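# Examination of the molecular architecture
Spelled out from the first residue to the last, the chains are:
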Amino acid sequence: MCRLLAYLGSPVSLEKLLYNHEHSLITQSYQPQEMMSGTVNADGFGVGWYHIQKDTEPFTYKSTLPIWNDVNLPSLSRYVESGCVVSYVRSATLGQALDISNCQPFKYQRLLFLHNGKIDQFRQTLYRPIRSLLNDEIYQWVNGTTDSEHIFALLLNELQNNPGKSLEQAMHLILLKLKELAERHNTYILANLVVSDGNRLVASRFSTKPPSPTLYWLQNDANFSNSVIIASEPLFKGNWNSFPENSILSVREDCDLRIEQI
């Protein structure tokens, strides 16, 4: 069921963040310890990051290869530094295409988005109901077929329709909307989400059928001062904290951290 990683804080190299730990995201791709379904995450990966000066849209590097088979990422990761990074290794839901358009993170203008979880029987249940809620621009923007991209589309739609709302407020509202849709169409949702604009991270651990997939946060570790790391599984020994069920955690540019219940 996929593994995700997000970082906000002092600039670090991708190599330090992705590779240099006993239970790194690379290790989690072939030897995860806390997945609810599946055994490996071999159906592609992606990394997204923001330039240190934060004056451009974010960059992404994605592939349908298993992350351990990509020969370019180790070299690339040595020379890229960022203060805001999101990354992901994929275990595709049965029936979803192994296609670059379905690889995360998804990007829209300055936003990057990750989803770990699923909408059960997505094509038969919430595919059309979600699409019917989207404005024309966001409807046309959707390029892939996954439940993950459609959840992001719902978030983008909420932000466009209500430009005064914060990322936290928009995420809260769409999770409640998804819960309502799931009840109406007799399905369930697992929605560990991460969204960033480069200046902050907003993440949820949410399900309509507990337990949610695992999600942890770590603040100001000795190896990553002035930072917050969010991960599906701890990368190394440290003071990792488990997200409460059905909660939203927001991290601001000064690494101030707040949690609210949904």
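Conventions we followed
- Residues numbered from 1 in each chain as written.
- Predicted model: local features only at pLDDT ≥ 70, side-chain atom pairs only at ≥ 80, totals over all residues.
- Heavy atoms only, no water.
- Patch = residues over 30% accessible without salt bridge, like charges linked within 9 Å, V, L, I, M, F, W, Y side chains within 5 Å.
- Areas by Shrake-Rupley, 256 points an atom, 1.4 Å probe, with all protein chains shown as cover.
- Salt bridge = Lys/Arg side-chain N within 4 Å of Asp/Glu carboxyl O.
- Helix = DSSP H or I, 4+ residues; strand = E, 2+ residues; numbered from the N terminus.
- Pairing = 2+ DSSP bridges.
- Axes fitted to C-alpha atoms, helices over the stretch in contact; angles between N-to-C directions.
- Contact = heavy atoms within 4.5 Å.

Looking at an unreviewed UniProt entry, one finds the protein named Ergothioneine biosynthesis protein EgtC, with Plectonema cf. radiosum LEGE 06105 as its source organism.

### With respect to a nonpolar patch on the surface
A cluster of nonpolar residues, Tyr30, Val40 and Trp68, forms a patch on the protein surface that exposes about 280 Å² of accessible area. Secondary-structure assignment places Trp68 in the loop between strand S3 (59-63) and helix H3 (73-79).

### A few points about the sheet that holds strand S4 (residues 81-89)
As summarised here, the arrangement of the seven strands in space is S3-S2-S4-S1-S10-S9-S11, forming an open sheet in which the pairing is antiparallel. Each having just a single partner strand, S3 and strand S11 (241-242) make up the two edges of the open sheet. In terms of strand pairing, strand S1 (residues 3-13) meets S4 through eight bridges, oriented antiparallel. Its bridge partner lying in S4, Ala6 is registered against Val86.

### Quick look at the sheet that holds strand S5 (residues 106-108)
Pairing in this open sheet of six strands is antiparallel, and the strands run S5-S6-S7-S8-S12-S13 from one edge to the other. If you trace the sheet from one side to the other, it starts and ends with S5 and strand S13 (257-261), each paired once. Neighbour-to-neighbour, the strand axes of the sheet open up by a mean angle of 20°, direction not taken into account. For S5 and strand S6 (residues 111-119), the ladder comprises three bridges, and the chain directions are antiparallel. From the neighbouring strand, Phe106 faces S6, where its bridge partner is Phe113. Along the sheet, helix H7 (residues 147-161) contacts S5, S6 and strand S7 (189-196); its crossing angle with S6, the most-contacted strand, is approximately 130°. Packing against the sheet, helix H8 (residues 167-184) makes contact with S6, S7, strand S8 (201-205), strand S12 (247-251) and S13, and its axis sits at approximately 160° to S7.

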